[in-house]
Amino acid sequence: MNYIAKTTGMTVRTLLCDSPGTIASSARNYIQAELAGLTGDRHYGHTALANARYPYPRNTEIRNSRQVSIISVEEMESVAAEIGVPHILPEWLGANLLVSGIPSLTLVPPSSRFHFQGGAVLVIQGENDPCSYPGKLIQEQFPEIPRLSPAFISAAIHKRGLVAWIEKAGKIATGEEFTAEIAEVFDYMQFLK
């Protein structure tokens, strides 16, 4: 893999999705990354069941490439301003990592790697498309503002963050720096012309 850039970011919060019946996550001082996922997280496992995001019948067992959800402070501030709320907490999005310092985080290409000081390495699978579940949690926080769920979906396109899988086990702590190796993007369609 060719990398075109290296940059440094900061882990602002670490969280786990560990509450039954909700996508919401809860803050931790650190999270433990294993090859099967984040210890204690509802997305833990080498495999997962397909949902509407995949071209397979629902509940088909597939490789789990969505073990970790990453969002950025900067993009959430932008989305919050666009939909008219004072803030959007990572808990409401079911995020595992809230980071800062990576410009246009959601546009970081697949196969990029995030290296954490505690040894963990995440490989970016791709953009986390916005959906209605976080929008409903945001709506619950601000019931006086109508139609926040659809507004969130529109505002969060290309700003909802990334999903990743764990390539190397280790610990990821709140407040630690990490290095992002940005993968080279190859335009396959341009090559065919």
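Residues numbered from 1 in each chain as written. Predicted model: local features only at pLDDT ≥ 70, side-chain atom pairs only at ≥ 80, totals over all residues. Heavy atoms only, no water.

**Here's the deal with the environment of Glu176**
One can find Glu176 in the loop between strand E12 (170–173) and strand E13 (177–183). In this structure Glu176 comes out as buried when scored by relative accessible area, which is 8%. With 58 residues separating them along the chain, Glu176 and Gly118 place their C-alpha atoms 8.6 Å apart. Once residues within four sequence positions are removed from consideration, Glu176 is found in contact with Gly9, Met10, Thr11, Phe116, Gln117, Gly118 and Lys171. A polar contact is formed between the side chain of Glu176 and the backbone nitrogen of Gln117, at a distance of 2.8 Å. Here the side chain of Glu176 touches Ala173 through a polar contact of 2.8 Å, landing on its backbone nitrogen. (Helix = DSSP H or I, 4+ residues; strand = E, 2+ residues; numbered from the N terminus. Buried < 20%, exposed > 50% of the residue type's maximum accessible area, 1.4 Å probe, protein only. Contact = heavy atoms within 4.5 Å. Polar contact = N/O pair within 3.5 Å; in protein donor to acceptor, adjacent residues only side chain to side chain.)

**Here we look at the pattern of salt bridges**
The full count for this structure, using the stated rule, is 5 salt bridges. Where Glu181 meets Lys6, a salt bridge forms, and the shortest distance between an N and an O atom there is 3.7 Å. Of the two residues, Glu181 sits in strand E13 while Lys6 sits in strand E1 (residues 3–16), which places them 175 residues apart along the sequence. With relative accessibility at 61%, the residue Lys6 sits in the exposed group. A salt bridge links Arg113 to Glu167; its shortest N-O distance comes to 2.6 Å. Of this pair, Arg113 sits in strand E9 (residues 113–116) while Glu167 sits in strand E11 (residues 162–168), placing them 54 residues apart in sequence. A relative accessible area of 18% means that Arg113 is categorised as buried. (Salt bridge = Lys/Arg side-chain N within 4 Å of Asp/Glu carboxyl O.)

**Things to note about the packing of helix H1 (residues 73–83) against helix H3 (residues 148–155)**
Running from amino to carboxyl end, H1 crosses H3 at an angle of 135 degrees, the nearest separation of the two axes being 9 Å. Accordingly, the angle class assigned to the pair H1 and H3 is oblique. When you trace H1 past H3, the crossing you get is right-handed. Across from Val79, Glu82 and Ile83 in H1, the residues of H3 making contact are Leu148, Ala151, Phe152 and Ala155. Grouping the amino acids of the contact of H1 with H3 by side-chain chemistry returns 6 nonpolar, no polar and 1 charged. (Axes fitted to C-alpha atoms, helices over the stretch in contact; angles between N-to-C directions. Parallel < 35°, antiparallel > 145°, perpendicular 65-115°, else oblique. Left-handed = near helix turned anticlockwise from the far one by under 90°. Nonpolar A, V, L, I, M, F, W, Y, C, P; charged D, E, K, R; others polar.)

So, to be careful, I would describe these as geometric facts and stop short of saying anything about function.
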